[in-house]
Amino acid sequence: MKITGFTIIRNAIKYDYPVVEAISSILPVCDEFVVAVGNSEDGTLDLIKSIKSDKIRIIETTWDDSLRKDGRVLAIETDKALAAVSDDTTWAFYIQSDEIVHEKYHQAIKDAMLAYKDDFSIEGLLFKYTHFYGSYKYVADSRKWYRNEIRIIRHTKKVVSYRDAQGFRKKDNTKLKVKAIDAYIYHYGWVKPPIKMTEKVRGLSYFWHTDQELDEQQPANEAFDYSGIDSLTLFEGTHPKVILPRIERMNWAFDFDIQQKKYSLKNRVLMQFEKLTGWRIGEYKNYKMI
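Keep in mind that this is a model prediction, so the values were computed, not measured.

What about the environment of F273?
When you line up the elements, F273 lands in helix 8 (residues 265-277). For F273, a relative accessible area of 30% translates into the label partly exposed. Those residues in contact with F273 that lie beyond four places of it in its chain are G278, W279 and I281.

Pasting the structure below:
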């Protein structure tokens, strides 16, 4: 069984992406790792080269900045990385540049890949998600945050990145058949210094919106306002070891009253129903659970 990790990255330093931590968090369960480094305005390529591992293989790519609809360029770049995965790979393990896997889940992940490696009805493995917001002590817990996503796919060359690279589907657009595993992805994409958050939001939203829409939604010279979030709860676990130095360097303050819930009446009812039953009405699922 061979496991290959893969990811894409561009302007990691400019937008303060924890990509080194992301890659490092799953290197122990990978036999090789493909990093597609896009044309950047900073030292992103040197940053990736600085990771001390002979497992890493870098491909350099050029992003098409003319693609400013639905984040499609992210899927195109992800497909470039996936295409570079070695032919003899059993499982391809995708990690985005702001996602990190806690080392406590490594064994469960390896066990799942081993358990299903010969069951070809299983086309992917589904992870649960923890979304951090504002700081490393708060977790977003409202309905607008996705709870699950595919991050490990069987390497058949019949799978492509879907829409804006959040998940995967087959080339004929059918959903992958997946098994849920007892492991989480920790998503740190909404934890940055407020001014860096503004830069990241504008840089990423460029591939969804016009310049006018960007200026209306997030003015360039204004620090990101974290207080507009609808609901947060306190994080009660431990963070992955690879992110601890970044947490120690945190130099901004963000506090939130977790009793405060900014829900519409409809969402308040739906959230109460979800808490009672565990069922999220209308939840988007880009996969078929088996």
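Still more ground to cover, so stick around.
Some words on the nonpolar core
Formed by 56 residues in total, the largest nonpolar core has its most connected members in I23, F33, F93, I109 and Y133. Among all residues touching F93, those that are not within four sequence positions of it are I3, T4, G5, F6, I26, V29, C30, V101, I109, F127, R151 and I152. Of all hydrophobic cores here, the second largest spans 23 residues; its members include V34, A36, L82 and F168.

Considerations on the pattern of salt bridges
In total, this model carries 21 salt bridges according to the counting rule given. The partner of D70 in a salt bridge is K69, and the shortest N-O contact between them spans 3.7 Å. We classify K69 as exposed; its relative accessible area is 60%. The network of salt bridges with common partners includes R147, E274, R280 and E283.

Points about the pairing of strand 6 (residues 124-133)
Most of strand 6 sits out of view: nine of its 10 residues are buried. Bridge count between strand 6 and strand 8 (residues 148-154): five bridges; the pairing is antiparallel. What sits directly across from L126, in strand 8, is I150. In this sheet, strand 11 (residues 177-190) lies alongside strand 6 in parallel orientation, the contact comprising eight bridges. Following the sheet pairing, L125 is matched in strand 11 by K179. Relative to strand 7 (residues 135-140), strand 6 is paired through two bridges, and the arrangement is antiparallel. In the strand pairing of strand 7, F132 is matched with V139. Counted between consecutive antiparallel strands, the loop separating strand 6 from strand 7 contains one residue, among which G134 sits at a positive phi close to 80°.

Cut-off values and rules
- Residues numbered from 1 in each chain as written.
- Predicted model: local features only at pLDDT ≥ 70, side-chain atom pairs only at ≥ 80, totals over all residues.
- Heavy atoms only, no water.
- Helix = DSSP H or I, 4+ residues; strand = E, 2+ residues; numbered from the N terminus.
- Buried < 20%, exposed > 50% of the residue type's maximum accessible area, 1.4 Å probe, protein only.
- Contact = heavy atoms within 4.5 Å.
- Core = buried A, V, L, I, M, F, W, Y, C linked by side-chain atoms within 4.5 Å.
- Salt bridge = Lys/Arg side-chain N within 4 Å of Asp/Glu carboxyl O.
- Pairing = 2+ DSSP bridges.

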